[in-house]
Amino acid sequence: MTPPAINASSREERMDYIIHEFRCLADCDNCGHCQFLHGRNALDVYRDYVDGKREFMEVTLEWRRV
């Protein structure tokens, strides 16, 4: 699923996207979400995206450097 662009989506749509994309699959060996997020909540990591301040990929690329 492609993340909604900030200029073409509402805050609620972006929040729903993050919640859906980073939901716990209870399959830690194959998922990798927790490792990528370093144990943080996805809504906290992607707060700027949800709030419409930065695009999804900007946040993702920055987070990968952490």
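On a predicted model such as this, the values are computed, not experimentally measured, just so you know.

### Regarding the overall build of the chain
Tallying secondary structure elements over the chain gives six helices and zero strands in all. For the chain, the succession of helices and strands along the chain, N to C, is α-α-α-α-α-α. Taking 2.2 N^0.38 as the reference for a compact globule, 66 residues should give roughly 11 Å; the C-alpha atoms of the chain span a radius of gyration of 12 Å, in line with that estimate. Dimensions of the chain along its principal axes, counting C-alpha atoms only, are 35 × 25 × 20 Å.

### Description of the pattern of salt bridges
Taken as a whole and assessed by the stated rule, the structure comprises four salt bridges. The partner of Asp-48 in a salt bridge is Arg-54, and the shortest N-O contact between them spans 3.1 Å. Residues joined by salt bridges that share partners form a network here, namely Asp-48, Arg-54 and Glu-62.

### Quick notes on the confidence of the model for the chain
Here the chain averages 91 in pLDDT, and 98% of its residues register 70 or above. When mean pLDDT is taken per element in the chain, helix H5 (residues 47-50) scores highest with 98 and helix H2 (residues 28-31) scores lowest with 74.

### Here's the deal with helix H1 (residues 11-21)
Every buried residue of H1 is listed here: Arg-14, Tyr-17 and Ile-18. Summarising the axial view, the buried residues of H1 lie within an arc of 95 degrees, below the 170-degree limit, and thus occupy one face. Residues of H1 that are buried in the fold lie against helix H4 (42-45), H5 and helix H6 (56-64).

### Observations regarding H6
Considered for burial, the residues of H6 that qualify are Phe-56, Val-59, Thr-60 and Trp-63. The buried residues of H6 occupy one face: seen down the axis, they fall within an arc of 100 degrees.

### Thoughts on the side chain of Thr-60
Mapping Thr-60 onto the fold places it in helix H6. On the basis of relative accessible area, Thr-60 is assigned to the buried category, the value being 5%. Look past the residues within four positions of Thr-60 in its chain and what remains in contact with it is Phe-36 and Tyr-46.

### As for the environment of Val-59
Looking at the element boundaries, Val-59 is found in helix H6. On a C-alpha basis, the gap between Val-59 and Asp-48 in space is 7.6 Å, while along the polypeptide they are 11 residues apart.

The rules behind these values
- Residues numbered from 1 in each chain as written.
- Predicted model: local features only at pLDDT ≥ 70, side-chain atom pairs only at ≥ 80, totals over all residues.
- Heavy atoms only, no water.
- Helix = DSSP H or I, 4+ residues; strand = E, 2+ residues; numbered from the N terminus.
- Rg over C-alpha atoms; globule rule 2.2 N^0.38 Å.
- Salt bridge = Lys/Arg side-chain N within 4 Å of Asp/Glu carboxyl O.
- pLDDT = per-residue confidence, 0-100.
- Buried < 20%, exposed > 50% of the residue type's maximum accessible area, 1.4 Å probe, protein only.
- Arc of directions from axis to C-beta.
- Contact = heavy atoms within 4.5 Å.

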